[in-house]
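# Coordinate inspection notes
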Amino acid sequence: MPVYNLLQALNDALRTAMRKNDRVVILGEDVGKLGGVFRVTKDLQAEFGADRVIDTPLAEGGIIGTAIGMALYGLRPIAEIQFSDFIYPAFDQIVNELAKYRYRSGGQYECPVIIRTPSGGGIKGGLYHSQSPEAYFIHTPGLKVLMPSNPYDAKGLLLSALDQNDPVIFFEPKRIYRSAKGEVPESEYSVPIGKAEVVKQGKDVTLISYGAMMTESREAVEKALEEEVQVELIDLKSLVPLDVETVIGSVQKTGKVVIVNEAPRTCGFAAELVALINEKAFLYLEAPPVRVTGFDTPFPYTLEHVYLPSVDRILKAIRQTAHF
Amino acid sequence: MPVYNLLQALNDALRTAMRKNDRVVILGEDVGKLGGVFRVTKDLQAEFGADRVIDTPLAEGGIIGTAIGMALYGLRPIAEIQFSDFIYPAFDQIVNELAKYRYRSGGQYECPVIIRTPSGGGIKGGLYHSQSPEAYFIHTPGLKVLMPSNPYDAKGLLLSALDQNDPVIFFEPKRIYRSAKGEVPESEYSVPIGKAEVVKQGKDVTLISYGAMMTESREAVEKALEEEVQVELIDLKSLVPLDVETVIGSVQKTGKVVIVNEAPRTCGFAAELVALINEKAFLYLEAPPVRVTGFDTPFPYTLEHVYLPSVDRILKAIRQTAHF
Amino acid sequence: MTLKSEAAALNGKPVQVLKEDGSVIDKRLEPSLSSEDLKKLYYTMVLTRMMDERFFKMQRQGRIGFYLSSTGEEAAHIGSAFSAEKEDWLFLQYREPGAALIRGFSLFHFACQILGNSGDLTKGKQMPCHYAYKKGHLLSISSPVGTQIPQAVGFAWGAKIRNEKSAALAYFGDGATSTGDFHVGMNFAGVFKVPVVFICKNNQLAISLPVQKQTAVSNIALKAQAYGIEGVRVDGNDLLAVIQATRQALQKARSGEGATLIEALTYRMGAHSTSDDPRLYGDEMTLEEWKKKDCILRFQKYLEFKGIWNPDYEKEIQTQAGEEISKAVEEAEKLPPPSYDTLFEDVYSEIPPQLEEERKGVSHAGL
Amino acid sequence: MTLKSEAAALNGKPVQVLKEDGSVIDKRLEPSLSSEDLKKLYYTMVLTRMMDERFFKMQRQGRIGFYLSSTGEEAAHIGSAFSAEKEDWLFLQYREPGAALIRGFSLFHFACQILGNSGDLTKGKQMPCHYAYKKGHLLSISSPVGTQIPQAVGFAWGAKIRNEKSAALAYFGDGATSTGDFHVGMNFAGVFKVPVVFICKNNQLAISLPVQKQTAVSNIALKAQAYGIEGVRVDGNDLLAVIQATRQALQKARSGEGATLIEALTYRMGAHSTSDDPRLYGDEMTLEEWKKKDCILRFQKYLEFKGIWNPDYEKEIQTQAGEEISKAVEEAEKLPPPSYDTLFEDVYSEIPPQLEEERKGVSHAGL
Ligand SMILES: Cc1ncc(C[n+]2csc(CCOP(=O)(O)OP(=O)(O)O)c2C)c(N)n1
Ligand SMILES: Cc1ncc(C[n+]2csc(CCOP(=O)(O)OP(=O)(O)O)c2C)c(N)n1
Ligand SMILES: [Mg+2]
Ligand SMILES: [Mg+2]
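Note that the structure is a prediction, hence the values are computed from the model and not measured.

## Brief notes about the site of ligand 2
Neighbouring residues of ligand 2: 20 residues in total, closest A:Glu60, D:Tyr94, D:Asp174, D:Gly175 and D:Leu205. Near ligand 2, the surrounding residues are drawn from chains A and D. Contact distances for ligand 2 include 2.7 Å between an oxygen atom and a side-chain N or O atom of D:Tyr94. D:Ser143 is positioned such that a nitrogen or oxygen atom in its backbone is 3.0 Å from a nitrogen atom of ligand 2. Relative to its unbound accessible surface of 580 Å², ligand 2 loses 96% to contact with the protein. A per-class count over the shell around ligand 2 returns nine nonpolar, seven polar and four charged.

If you want it as structure tokens, here you go:
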């Protein structure tokens, strides 16, 4: 099996999907000749032509609006938003249109647009190349929201997304585009939507994370082990639909929870997880669930390493919870 | 003191502000000659002229984008978004620009735009005239988010908003525009931003709500009393900044919490409150906090009464919590 | 002869085929229509107007919650929808009930949608006038103004990419031209030479805002130039001009020559909707003037010239239309509201576990 | 003589004042500039190019994280910024470093911003090239393309409402014309006759996308017609044409006659940014062609005609500019990063209690 980084795995997934199904088209800014500013769509235009790998004008609302039309026509459009910070001009098309199309037509129409977009900080991108806007979409019924943390899941989840008929926001943790490496099957395979993975078993504390923050989380879990705290680490992968069973099962075992994500804390996804855990495992809780998140400020430039949850901050939270 | 409904109180607040400060301008769709589709800006154009009460073209992004420019120039623009369901075309201007302007300029500029917008369901408005999108803005650092539940607070909060220098999203619970009535001072006064109100004291359960849902909440609290459950009812009013002290103080007293709001449950503001309460009053909690919210679906038309939290659903939650 | 050349010569004045007295100005522009076609068109126009009146009245009686009528604008949407082929798809704004009828959306389903009952194809999920009818190639109507424009472009673009024949018709109002979606839709259509026909029903009002305040260039057709798209301004109250323009635009779309923006200049004769009161901002003078230009009247005169229309014929079809409407409403009003389960259907292709829990909560509560 | 009439006659060819050899085509269009002005302009152009080179190199050396240079486009932004009055305000996109210099933004502050250190007026909060300088009436630059356009309109509109004299200059690229914000900004400006000058630096690329694929009408000035705004296409590599056009547009703005869209046609000579590699998509032929049209060279020849420029003069200012840059960078590089507290400042006018808790968490952790 080849060893790919995240970029290569995604590129491979796209190629696999396009070869298999000639209704799959890619559209976005600079995705064609350039192959994307991160090169996720590298060489695809050469193989599939400018009709299927389309460089669009600079208008995210146009990209998503036309992708909706394409999906209604019966294509399988994969739209790239160059940075998730630039998804907002398309917010109305996503939230009012894409997410609600099936519902409002009473199921007459479906609208399986996939929106791929790099998200998160840690690349010295400042306010506008670092945001983690997943909570906006998690709060929007009708969308599925995915975020892989490694090449294997990236390919498998993207192929799964193409195999179902709902709109998907597919966040790509751009900080680890190159650093996350792993074996990726050359053939087609799928990683199920709606399933989390217990990456490491543990009995003392449950640590829930996803995307790039799995890197820091994994490291913190290792360090905790040195302090004899056994942390169970869960990679959510699929934020909507959520694998409630795996999350709750783990919390019932450990009674203690730390949740790690990059976005601003208030009303972020970590809050939802705390609420859910309260509803479903209140009597098992032995300590208050701890959120380790970004701050309630815009994303900074120079001090991004302070803004982003660090191994230290996570470890501190683990200790605090474990020794509550 | 005159008795006003919510519409009249808001109209009075706007008139008061415009008379006092000639830098206050109003802009939006149909706000001028018509006086707004709900008539909140009734007669203001006649008094203050078309330069200060401005009918704009149909473009929410243009309304907020130009309002930002006006605020930077030194005006105090109050932008109306006709329904909060139509705020999304302005989402980029609000989230990427308005919310971050002060921050990204290192405090050189400030951008005190007030965005008034009717929100919530219950007027048979279906998917696009009923949404409660407050969580999107609560999750966006840099914005203040207010929602009054009665005429007195509506006028006082709006005047307070005009007295500070941050952007504000001011949600108006349109379902009770006419039904909510109360005494409103004719003079200027303010209701402080960042302060919640304990509307009714109680020792058994804390019920937290805001906006139109205060109506059902109040009724449920009355009914609970008949069952000898004493509920402490809190009207948040100011969602950002949040009056953590009042919320936590009450939970420390009762140990039991019900949170009521209309928006879809997942990642809504109720989740944030649960998370906060866990962080600050975990050891006081005697039962899992219960969320009574809209469902994780788009807002329906015919069955909106089923979608919206009802007195019965709230009462059930109170009982469940009280007898946990 | 193309409308394009004609339009250029008119310098902003809308192209007409019919004079206000119903006579044909230039035979070369007269669309070929069988007498069956002509009758269908006239009947649909009359039916649409009567249906609008009936539903408006029903709202006033409290039998439905909301309605939007298209009185005075029938030619603009019925003429263009009629000109579309079966394989074409319509992206409506909300003020084109006659276009829906032309595409086979039944009065019964119309009434059910407006009642939001269990007979509604959209299961009572949307406000009145926000239907969807896939069989008739009517996309789903939504309230946010302008969103359907890039969607129609994407749809037609899909057909182009797949080398198939469908075209898309995107309907919108003068107000919609101010939206960002109008701009991006037009721009994409221009760049990618997409087989789409934009039909702007310029009724000169957006709720209370006159088109002159909507844009400094209220000749909407002119805006097409910014996108490398052909723009044609026609008299929107002239059914034959609308048909001719749409046919030419569709032919052009199908031959791979890209998009056309048709501006159908008309006037909103009534309130924006049942929630609106135009006395607060309206312009009586203009209204009176436009009443004289009524599109049904003009077409009626044309049919009279053709020997198709006479007062008896009018009476006959009015009776027929009235009965059709009554029957549909009566049938529809018998139906109960949708079941609670519909609340949770169609959010996703399948109900995910958490939503299923919410659904169960509702049925257990027996709310 | 107005550029407008001139432009009309040219039918899409950009208006020039200077030939490529630096001679004046039509004296009537030559802007009046003192020799001090001319020197300042030339110096700023040279300084900007040298600064761009230096920062670009520093990025390659790993001393800064990112840079965006404007090489080849200096005339477009320096000429227009120079033409603005003190009371005017500039809404930049991000590729106008020379405009910032013209407005008094110091090289030292520039360097601090790019380093994101404690000397940065924006406190290390934004990426390089995203400065804000209120004293110089430079608004805050943000990455999302096009957002500044309606903001500039609103700002200028504010001045109009208050009956004050300021105008706003909105800078953007050819790519930005595709955004919804461009459309709504232009439309509002047209409807409300706002004293704003739109300056589209059409460098014919948006990252990898050639302007011909950005829009079917790559004559950007033409798009103004859709909004009832005057559009002027000038040679963006002709400093005098840019100055003349901006002066006339500002005069018009101030006299209450509304907005102008100036398209300055130029070419992006280098990479989009330090993150970009134009070899993957670039067009060598066009690049070579445009190199010959270099804006600094052309202005230099003009100055030579005027007896201002000679090789010694060139050497002198190059030395001066080089030293200025070195000194600024050296000073800036001495400064430490901003304090952790800055993370929490400027989110609101005051730090609200919950954010204060987050701040305390950080300082206690001594992270
Ligand atoms: C994005 C958005 N903003 C505001 C509204 C409220 N609204 C409903 S219809 C309308 C006017 C539309 O005018 P036009 O496009 O000319 O269509 P007409 O009603 O005249 O047929 C407005 C402002 C909306 N539906 N969507
Ligand atoms: C809304 C948005 N979408 C995408 C981007 C990514 N991006 C940065 S610059 C750019 C191209 C801009 O082109 P143009 O406006 O012509 O300016 P130029 O870079 O040529 O000066 C793009 C697509 C962005 N910054 N903002
Ligand atoms: Mg209209
Ligand atoms: Mg460019």
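This is not the end of the story, as more comes after the structure.
## What to know about the domain arrangement of chain A
Where interface size is quoted, it is often the accessible area lost as the parts come together. All names here are of chain A. Taken as a whole, chain A is organised into domain 1 (3–183) and domain 2 (197–322). Taken together, the contact pairs 26 residues of domain 1 with 28 residues of domain 2. Counting the surface lost from both domain 1 and domain 2, the interface buries some 2,000 Å², and carbon and sulfur atoms represent 58% of this. Run the count over domain 1 and domain 2 and you get two salt bridges. Lysine 237 is the salt-bridge partner of aspartate 153, the closest N and O atoms lying 3.2 Å from each other. The tally of links between domain 1 and domain 2 comes to 12 residue pairs in polar contact (both at pLDDT 80 or more).

## A short note on the site of ligand 1
Not every one of the 20 residues close to ligand 1 is listed here, only the nearest: B:Glu60, C:Tyr94, C:Arg95, C:Asp174 and C:Gly175. Surrounding ligand 1 are residues belonging to chains B and C, so the site spans chains. Separating an oxygen atom of ligand 1 from a side-chain N or O atom of C:Tyr94 is a distance of 2.7 Å. Its residues assigned to classes, the shell around ligand 1 shows nine nonpolar, seven polar and four charged.

## Topic: the interface of chain B and chain A
Counting residues at the interface gives 47 residues for chain B and 47 residues for chain A. In this assembly, chain B packs against chain A so that about 4,300 Å² is buried in total across both faces, 67% of it on carbon and sulfur atoms. It is B:Tyr136, B:His139 and B:Cys267 in chain B that bury the most area against chain A; as a group they hold 18% of the surface buried on that side. The interface formed by chain B and chain A includes six salt bridges. The shortest N-O distance in the salt bridge between B:Glu272 and A:Arg291 comes to 2.8 Å. The leading source of residues in the side of chain B that touches chain A is helix H10 (residues 269–281) of chain B, at eight residues. For the side of chain B that touches chain A, the class distribution of residues is 28 nonpolar, eight polar and 11 charged.

## Observations concerning the relation of the copies chain B and chain A
Rotating chain B by 180 degrees and moving it 0.0 Å along the rotation axis overlays it on chain A with an RMSD of 0.0 Å. What the superposition gives is, in effect, a two-fold axis relating one chain to the other. A symmetric contact is evident, with 100% of the interface residues of chain B recurring at the interface of chain A.

## Here we look at the sheet that holds strand E12 (residues 238–240) of chain B
Picture the strands of a sheet paired through backbone hydrogen bonds; they go either parallel or antiparallel. All names here are of chain B. Read from one edge to the other, the open sheet built from seven strands follows the order E3-E2-E4-E5-E7-E6-E12, with strand pairing classed as mixed. Each of the sheet's edge strands pairs with one partner strand only, and the pair in question is strand E3 (53–55) and E12. Each strand axis lies, on average, 20 degrees off the axis of its neighbour in the sheet, ignoring direction. Sheet analysis places strand E4 (residues 76–80) next to strand E5 (residues 114–119), joined by three bridges and oriented parallel. The partner of isoleucine 78 across the bridge, within E5, is isoleucine 114.

## Remarks on the coordination of the magnesium ion (ligand 3)
Residues and elements named next belong to chain C. Coordination of the magnesium ion (ligand 3) by the protein comes from Asp174 (OD), Asn203 (OD1) and Leu205 (O), over a distance range of 2.0 to 2.1 Å. Binding-site remark: the magnesium ion (ligand 3) is held by donors from one chain whose sequence spacing is D-x28-N-x1-L. Placement of aspartate 174 in the loop between strand E2 (168–173) and helix H7 (180–192) and of asparagine 203 in the loop between strand E3 (196–202) and strand E4 (205–206) is noted, with a sequence separation of 29 residues between them. The buried category is assigned to asparagine 203, whose relative accessible area is 5%.

## Some words on the state of the cysteines
All names here are of chain C. The final tally for this structure, using the stated rule, is zero disulfides over all chains. Not part of a disulfide, cysteine 129 finds its nearest cysteine sulfur in cysteine 112, a span of 14 Å. Cysteine 129 sits in the buried class, given a relative accessible area of 1%.

What counts, and where the lines are drawn
- Residues numbered from 1 in each chain as written.
- Chains lettered and ligands numbered in written order.
- Predicted model: local features only at pLDDT ≥ 70, side-chain atom pairs only at ≥ 80, totals over all residues.
- Heavy atoms only, no water.
- Near = heavy atom within 4 Å.
- Polar contact = N/O pair within 3.5 Å; in protein donor to acceptor, adjacent residues only side chain to side chain.
- Areas by Shrake-Rupley, 256 points an atom, 1.4 Å probe, with all protein chains shown as cover.
- Nonpolar A, V, L, I, M, F, W, Y, C, P; charged D, E, K, R; others polar.
- Domains from an automatic or database assignment.
- Contact = heavy atoms within 4.5 Å.
- Buried area = accessible area lost by both parts, 1.4 Å probe.
- Salt bridge = Lys/Arg side-chain N within 4 Å of Asp/Glu carboxyl O.
- Helix = DSSP H or I, 4+ residues; strand = E, 2+ residues; numbered from the N terminus.
- Least-squares fit on C-alpha atoms with pLDDT ≥ 70 in both.
- Pairing = 2+ DSSP bridges.
- Axes fitted to C-alpha atoms, helices over the stretch in contact; angles between N-to-C directions.
- Donors = N, O, S within 2.8 Å, 3.2 Å for Na, K, Ca; no water.
- Buried < 20%, exposed > 50% of the residue type's maximum accessible area, 1.4 Å probe, protein only.
- Disulfide = S-S within 2.5 Å.

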